[in-house]
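Reading the structure
Residues per chain are reported as follows:
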Amino acid sequence: MAANAYYPNLFAPLDLGFTTIKNRFVMGSMHTGLEDRLKNVEELKEYFLERARGGVGLIITGGYSPNFLGRLTPWGGSFTSSRSIRAHRSLTDAVHQTESKICLQLLHAGRYSFHPLLVAPSKIKSLISPFTPFEMPSWLVNSTINDFADAALNAKKAGYDGVEIMGSEGYLIHQFFSERTNKRTDEWGGSLEKRMRFATEIVSRTRAKVGPNFILIFRISLLDLVEKGATFGETLLFAKALEKAGVTIFNSGIGWHEARIPTIASMVPRGAFSEITSKFKKELNTPFIATNRINTPEIAEGILERGEADLVSLARPFLADARFAEKAKAGQAESINTCIACNQACLDHIFGNKKASCLVNPAAAEESKWLPELAQKSSKQRRVAVIGAGPAGLNAALVLLKRGHLVTVFEKSAELGGQFNLASMVPGKEDYRESIRYWKHEIETLGGTILYQQAITDENAGESLADFDHVILSTGVKPRKVDLPGIENPMVYSYEKYLRGLYDGSIKPAANIAIIGSGGIAVDTATAILKHEHTLSHQPETREEYFNDWGIRPELRGGLDTKYVPPRSPIKITLLQRSEGALGKGLGKTTAWAHRMFLKRSGVDHIKHAEYVEVTNEGLWIKNKQGELKLIPAAQVITCAGQVSENALALSLQKNGKSFSIVGGAKLAGELDAKRSIREAWEAAIQI
Ligand code: NAP
Ligand code: SF4
């Protein structure tokens, strides 16, 4: 077979002896919430089938417990019944028609379970579950090993090509391996050999049960990123023992869930951990999968080309674009809807007990609802004007074009993206540019027209919009003005003006800065100041800089310098708010802690219950909780006080009797949120 002209390594098949994976793309395990109930298997099937049709070589499902006690939540899914086997048959059959392979992930949560009947090697509570686990008696350890093997056999009977045994991220198997959570003195704890035994027994008993011709992936923690984690040497011995026990492929696990190091958030550079995978791959004969922040075909191809791994796992990127692999194969990387690592609609949903979806792709895990709608041309072609080219406007345009309408986008500035454009100026959010690239490319490919520097005003609306049957008003938001004596002082900036100034070099951060507001935008603005060299250079952090920020040292135990104190910034930033509540209130659960930690370690102050009094040349005067007048010394004051809708045009559209819909920030600025804006835009566009 001829090599792919664009990404020869990505599209080279992988021969495992008894079976062949058609390319090197693995859709990594990602819990969607659809796994938890058998009634959702049909929806799950559509979700996987869309990715399989999109050309992915190997899919790994979300985690299923091998028994009742190992469920992640009280309603979490397990793979223990003949009903599961029957229900999943149609799913695996459907996937196999596309020649993709699919493995079921077996995950016993151990002390990470969110139900009171949780068990672990030792009675040590984790930081992330409210419950203290019961210590597993020896008979339960033994029966749990058999449960893994039985569940794997169930997966085989259900038509799966293999299983992934989740042995990393701090789940049960990892808890047995790690001395931080395993204090046992019986045959399952103590020495390294005894701590490895639970995992090696699972692999060997599973292999004995399922036979040789079944893929057995083991997700092994290559970097624990916690105190008392494993060393490189210990993990290597573990991997060698697992290889001997019958593993077909190793997947790379990075960090315990309780680690206080971001490993998949947007501030993590792309492909940051592939070198770690490479170190292990060199020492073993089993294929390795590289993971974490691989979100473009170029990054994936580079990892394979350098021989760092044999396969690449992308989890969230396949939520963002089910057709990622197919587009890469055709050399259409420009048309890939890139995952921006925001976690807002995927992991934040799962941690909030909601079904996962994707901020940039509302169809993810809702394929049955959206795909027929998107594929169906509207019964009547209409000429639609979209006013404002932020995430809402561009998404409305995209869906309208897919439905066969004629679309013109009017953007008053010289650039696309609205709030996404602003966000992309913040170091660690450079990937937001990819969304803008994708929207622009798709709109132009589908024949839409984008007009730049075309402001629609009350005066010209009648004439400019005369030829359109419908208008989408997606004019977004503007920063809320703060009413305060001294607010007109030139040292006071709106966040928008300040960020743009840092980005184009016209503003340099002062030594003391006060920020009015402590929400998501204030956190972003503080980050852009602290990393102002990156804001100015427009370049993301390198792997070395990121490792340095967080004290990651792969050569040390746990891959972490536990004594490392990052240098404080010489710039003194104070974030203020009037209310009670945490810094960055409103940020997602899975990322807010990392932002807070970064700001705290950089020496940023946070003041609650501030009553703003006045801005003078000395700084910002406030009254504190006790009513005392205080000066926050500052040479620059930035207002990050939320937004108000920019929708003045609505009135003249109404007056002119124009048919129109308002979407996104223009409709509701409160809790301005790209997830809501994009979804709303899709829904409005479908109605036309
Ligand atoms: P926000 O999160 O609602 O925060 C607004 C801040 O302004 C609050 O701290 C509020 O605190 C303050 N404020 C409100 N009215 C004020 C007034 N009249 N005078 C002075 N202060 C006032 O809004 P945002 O920071 O602009 O963010 C907008 C949205 O984008 C949010 O939903 C946010 O979560 C989202 N976002 C998300 C990310 C992300 O990474 N996921 C990043 C940025 C933004 P007090 O009322 O207590 O003073
Ligand atoms: Fe990626 Fe954000 Fe979509 Fe999750 S919600 S898949 S992080 S773009």
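Here, residues in each chain are numbered from 1, in the same order as that chain's written sequence. Here every chain gets a letter starting at A, and every ligand a number starting at 1, in the order they are written. Side-chain atom pairs in this predicted model are given and counted only at pLDDT of 80 or more, local residue features only at pLDDT of at least 70, and totals for whole chains, interfaces and linings cover all residues. In computing side-chain properties, one takes all heavy atoms of the structure into account and sets aside hydrogens as well as water.

Section: the pairing of strand β23 (residues 619-623)
Put simply, the test is: For two strands to be treated as a pair, DSSP must find at least two bridges joining them. Numbering of helices and strands starts at the N terminus; helices are DSSP runs of H or I of at least 4 residues and strands are runs of E of at least 2.
Inspection of the sheet shows strand β22 (residues 611-616) paired to β23 by 5 bridges, in the antiparallel sense. Bridge pairing in β23 links Val615 to Leu620. The turn joining β22 and β23, which pair antiparallel and follow one another in sequence, is formed by 2 residues. One ladder, built from 5 bridges, connects β23 with strand β24 (residues 629-633); its direction is antiparallel. From the neighbouring strand, Lys623 faces β24, where its bridge partner is Leu629. A loop of 5 residues connects β23 with β24, the two strands running antiparallel in sequence, and Gly627 in this loop sits at a positive phi of about 85°.

Some remarks on empty space enclosed by the protein
Which entries qualify depends on this criterion: Points on a 1 Å grid, built from protein atoms alone, make a cavity when a 1.4 Å probe fits but cannot get out and make a pocket when they are open with protein on both sides within 12 Å along at least 5 of 7 lines; residues with an atom within 4 Å of a point are the lining residues. Grid points are joined across faces, edges and corners, and a volume is the space filled by probe spheres set on the points. Classes in brief: Ala, Val, Leu, Ile, Met, Phe, Trp, Tyr, Cys and Pro nonpolar; Asp, Glu, Lys and Arg charged; the others, Gly included, polar.
Tallied over the full model, the rule gives 6 cavities of 30 Å³ or more. Considering only enclosed or pocket space, the largest cavity measures out at about 180 Å³ in volume. Residue lining of the largest cavity: 17 residues in total, with Met267, Pro427, Thr527, Lys531 and His595 positioned closest to the centre. Broken down by secondary-structure element, the contributors of at least two residues to the lining of the largest cavity are α18 (520-530), α20 (543-550) and α21 (589-601). Looking at the lining of the largest cavity, its residues break down into 8 nonpolar, 4 polar and 5 charged.

Describing the environment of Met196
Short version of the rule: Should any heavy atoms of two residues lie within 4.5 Å, those residues are considered in contact.
With respect to the helices and strands, the residue Met196 is situated in helix α5 (residues 192-210). The contacts of Met196, once residues within four sequence positions are left out, are Phe177, Leu237, Phe238 and Ala241.

With respect to the packing of α5 against helix α6 (residues 232-245)
Heads up, the condition is: Every axis in this analysis is a line fitted to C-alpha atoms, fitted for helices over the stretch in contact. Angles between the N-to-C directions lie between 0 and 180 degrees. In what follows, roughly perpendicular refers to angles from 65 to 115 degrees, roughly parallel to angles under 35, roughly antiparallel to angles over 145, and oblique to any angle outside these ranges. The handedness criterion is simple: a crossing whose near helix is rotated anticlockwise from the far helix by less than a right angle is left-handed, and one whose near helix is rotated clockwise is right-handed.
Interhelical geometry of α5 versus α6 gives an angle of 25° and a closest axis separation of 9 Å. Between α5 and α6, the angle is such that the two are roughly parallel. Where α5 crosses over α6, the two elements pack in a sense that is right-handed. Where α5 approaches α6, its residues Leu192, Met196, Ala199, Thr200, Val203, Ser204 and Arg207 are matched on the opposing element by Glu234, Leu237, Phe238, Ala241, Leu242 and Ala245. Class assignment for the residues of the contact of α5 with α6 results in 9 nonpolar, 2 polar and 2 charged.

Quick look at the nonpolar core
Note the cut-off: Take the buried Ala, Val, Leu, Ile, Met, Phe, Trp, Tyr and Cys residues and link them wherever side-chain atoms come within 4.5 Å; each set so joined is a nonpolar core. Think of it in three bands: residues with accessible area under 20% of the maximum for their type are buried, residues over 50% are exposed, and the middle band is partly exposed, with areas taken using a 1.4 Å probe on protein chains only.
Ranked by size, the top nonpolar core spans 179 residues in total, and within it Phe25, Phe218 and Ile515 carry the most contacts. Of the residues forming this core, the biggest block, 8 residues, is contributed by helix α13 (residues 391-402). The contact partners of Phe25, leaving out residues within four places of it in the chain, are Leu10, Phe11, Val56, Gly57, Leu58, Val312, Leu314, Phe318, Phe324, Ala325 and Ala328. Membership of the second largest hydrophobic core comes to 17 residues, among which are Val482, Leu484, Ala514 and Ile632.

Side note on the sheet that holds strand β27 (residues 660-662)
Pairing is parallel across the open sheet formed by 5 strands, whose spatial order is β15-β14-β13-β16-β27. Of all strands in the sheet, those with a lone pairing partner are β15 (449-451) and β27, marking the two edges. Across this sheet, the average inter-strand angle for adjacent strands is 15°, counted without regard to direction. Pairing between strand β16 (residues 470-473) and β27: 3 bridges, direction parallel.

Considerations on the site of ligand 1
Inclusion rule: One heavy atom within 4 Å of a molecule or strand is enough for the residue carrying it to be called near that molecule or strand. Pairs of N or O atoms are called polar contacts if they sit within 3.5 Å, as long as, within protein, a hydrogen donor faces a hydrogen acceptor (for residues adjacent in sequence, only side-chain-to-side-chain pairs). Working definition of accessibility: Shrake-Rupley area with a 1.4 Å probe, residue cover restricted to the visible protein chains. For the purposes of this description, domain bounds are those given by an automatic or database domain assignment.
Around ligand 1, the surrounding shell holds 23 residues, and the nearest of these are Ser518, Ile521, Arg578, Ser579 and Gln643. Take Arg578: an N or O atom from its side chain is 2.8 Å from an oxygen atom of ligand 1. Computed on the free molecule, ligand 1 has an accessible area of 890 Å², of which 79% lies beneath the protein chains in the complex. Looking at the shell around ligand 1 element by element, the count peaks at 3 residues for α18. Of the residues contributing to the shell around ligand 1, the split by class is 7 nonpolar, 10 polar and 6 charged. For the shell around ligand 1, the two domains that each supply at least three residues are domain 2 (378-478 + 644-686) and domain 3 (481-637).

Overview of the pairing of strand β9 (residues 215-223)
What counts here: The path from the first strand over the helix to the second decides the hand: if it runs clockwise while the strands point away from the viewer, the crossover is right-handed.
Counting buried positions over the 9 residues of β9 gives 9, a clear majority of the element. Bridge count between strand β8 (residues 162-167) and β9: 6 bridges; the pairing is parallel. From the neighbouring strand, Glu164 faces β9, where its bridge partner is Ile217. Inspection of the sheet shows β9 paired to strand β10 (residues 249-254) by 6 bridges, in the parallel sense. Looking at β10, one finds that Phe218 is bridged to Phe250. Taking the sense of rotation as the criterion, the β-α-β connection linking β9, α6 and β10 turns out right-handed.

A short note on the site of ligand 2
As a structural note, the neighbourhood of ligand 2 is formed by Arg316, Leu319, Cys339, Ile340, Ala341, Cys342, Asn343, Ala345, Cys346, Cys358, Leu359 and Val360. For the shell around ligand 2, the residue count by class is 10 nonpolar, 1 polar and 1 charged.

Concerning the domain arrangement of the chain
As a measure of interface size, the accessible area lost when the parts come together is often cited. Applied cut-off: Here the quantity called buried area is the accessible surface, traced with a 1.4 Å probe, that two parts lose on coming together, added over both. Only one rule defines a salt bridge in this text: a Lys or Arg side-chain nitrogen within 4 Å of an Asp or Glu carboxyl oxygen.
In terms of domain boundaries, the chain breaks down into domain 1 (22-271 + 279-370), domain 2 (378-478 + 644-686) and domain 3 (481-637). Here the C-alpha centre of domain 3 lies 36 Å away from the C-alpha centre of domain 1. Contact residues are listed per partner, giving 27 residues for domain 1 and 20 residues for domain 3. Counting each side, the surface lost to burial between domain 1 and domain 3 is near 2000 Å², with a carbon and sulfur contribution of 64%. Arg557 serves as the salt-bridge partner of Glu234, at 3.0 Å between the closest nitrogen and oxygen. Our enumeration of links across domain 1 and domain 3 arrives at 9 residue pairs in polar contact (both at pLDDT 80 or more). Sorting elements by how many residues they give to the side of domain 1 that touches domain 3 places helix α11 (residues 347-351) first, with 3 residues. Across the side of domain 1 that touches domain 3, the residue classes tally to 14 nonpolar, 5 polar and 8 charged.

Overview of the sheet that holds strand β25 (residues 636-639)
Read across the open sheet, the 5 strands follow the order β18-β25-β19-β20-β21; overall the sheet is parallel. Each edge of the open sheet carries a strand with a single partner, namely β18 (492-494) and β21 (605-607). Taken over all neighbouring pairs, the strand axes of this sheet differ in orientation by 20° on average, direction set aside. Strand direction decides the pairing type here: strand β19 (residues 512-516) and strand β20 (residues 572-576), joined by 5 bridges, are parallel. Among the inter-strand pairings, Ile515 is bridged to a residue of β20, identified as Leu575.

Quick notes on unusual backbone geometry
Phi is positive for Asn292, close to 75°, though the residue is something other than glycine. Along the chain, Asn292 turns up in the loop between β11 (288-290) and α8 (297-305). Positioned with a positive phi, Asn343 is a non-glycine residue whose angle comes to about 65°.

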